[in-house]
Amino acid sequence: DAKTTQPNSMESNEEEPVHLPCNHSTISGTDYIHWYRQLPSQGPEYVIHGLTSNVNNRMASLAIAEDRKSSTLILHRATLRDAAVYYCILRDNYGQNFVFGPGTRLSVLP
Amino acid sequence: EAGVAQSPRYKIIEKRQSVAFWCNPISGHATLYWYQQILGQGPKLLIQFQNNGVVDDSQLPKDRFSAERLKGVDSTLKIQPAKLEDSAVYLCASSLGPGLAGNEQFFGPGTRLTVL
């Protein structure tokens, strides 16, 4: 079973920031927090991952709560191409139990 | 850099028939994954290979599904015989390795299977 909880869907306006939340209250000390997204009719693609500290890359930022029981994926300026299903996944050092939940379907309005 | 290749992209068969899917991972990637994605759900891991050995096949329905990765490169996933509930997209992914090296998985476009 997925160990994360995400809203089923969210909407955003184009060029505005988007904050996608994820709850993972049963996270263990060795679990990394991963985000993938899946555009329509494509396979998932990696977005970002982190362990304890906030992380930034060219696609997004990942803000991790101090107690690590929740995290937020931040898209700084949503574009129409960011419309996708976003998955938050926990993964340990050994790559075990990489379980996708249903994710959050993000709609971006022009 | 070439991505993960899968074929065919689409397949329609009748129940009780057999079907096979092929995957060519990114060159140099030691770990290969097969996922099943039913409409409206997230992908579910079926099997994970490390080179040509199986690391995890706990969710593979072994009475009808089989997979192999000869020579640690290409892989095939077979269903025999197919059931209606096997209708799904079958995704192949690869990563440099297991553990921390597997933090970034690269997915292929998938094969959409319809069982009538």
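Right above here is the structure, for reference.
Residues numbered from 1 in each chain as written. Chains lettered and ligands numbered in written order. Predicted model: local features only at pLDDT ≥ 70, side-chain atom pairs only at ≥ 80, totals over all residues. Heavy atoms only, no water.

Re the overall build of chain A
Rule in force here: The numbering of helices and of strands both runs from the N terminus, where a helix is a DSSP run of H or I of at least 4 residues and a strand a run of E of at least 2. Both definitions apply: the radius of gyration is a C-alpha atom measure, and the globule rule equals 2.2 Å times residues to the power 0.38. Burial classes follow relative accessibility: with a 1.4 Å probe on protein chains only, a residue under 20% of its type's maximum area counts as buried, one over 50% as exposed, and anything between as partly exposed. Pairs of residues are marked as contacts when any of their non-hydrogen atoms sit within 4.5 Å. For the accessible areas, the method is Shrake-Rupley and the probe is 1.4 Å, while residue cover comes only from the protein chains on display. The positive count covers Lys and Arg only, the negative count covers Asp and Glu only, and His and the chain ends enter neither. Lys charges are placed at NZ, Arg charges at CZ, Asp charges at CG and Glu charges at CD.
Counting its regular elements, chain A contains 0 helices and 9 strands. Put simply, chain A runs from its N terminus to its C terminus through helices and strands in the order β-β-β-β-β-β-β-β-β. Its C-alpha atoms give chain A a radius of gyration of 13 Å, near enough to 13 Å, the size a compact globule of 110 residues would have. In terms of its C-alpha atoms, chain A occupies a principal-axis envelope of roughly 40 × 30 × 20 Å. Out of the 110 residues belonging to chain A, those deemed buried represent 46%. When contacts within chain A are restricted to residue pairs at least 6 apart in sequence, long-range pairs at least 24 apart make up 57% of them. Accessible surface, chain A as shown: approximately 5700 Å² in total, 46% of it carbon and sulfur. Mean positive and mean negative side-chain charge positions of chain A (9 and 11 charges, respectively) differ by 5 Å.

Quick word on the sheet that holds strand 5 (residues 55–56) of chain A
All names here are of chain A. Filter applied, for reference: When DSSP finds two or more bridges between two strands, those strands count as paired.
The strand order across the open sheet formed by 4 strands is 2-7-6-5, and the pairing between neighbours is antiparallel. Of all strands in the sheet, those bounded by a partner on one side alone are strand 2 (18–23) and strand 5. Pairing geometry for strand 5 and strand 6 (residues 61–64), over 2 bridges, is antiparallel. Across the sheet, Val55 pairs through a bridge with Leu62, a residue of strand 6.

Overview of the interface of chain A and chain B
Formally: Buried area is a sum: the accessible area each of two parts loses on coming together, probed at 1.4 Å, counted once for each and added. A 3.5 Å cut-off defines polar contacts: any pair of N or O atoms within that distance qualifies, except that in protein one atom must be a possible hydrogen donor and the other a possible acceptor, and neighbouring residues in sequence count only when both atoms are side-chain atoms.
Contacts between the two partners involve 18 residues from chain A and, on the opposite side, 19 residues from chain B. Its largest share of buried area at the contact with chain B, chain A owes to Pro44, Arg91 and Phe100 of chain A, together 29% of the area lost on that side. Taken together, the connections running from chain A to chain B amount to 3 residue pairs in polar contact (both at pLDDT 80 or more). For the side of chain A that touches chain B, the secondary-structure elements that each account for two or more residues are strand 3 (32–38), strand 4 (45–50) and strand 8 (84–91) of chain A. Per-element accounting of the side of chain A that touches chain B gives the leading share, 4 residues, to strand 3 of chain A.

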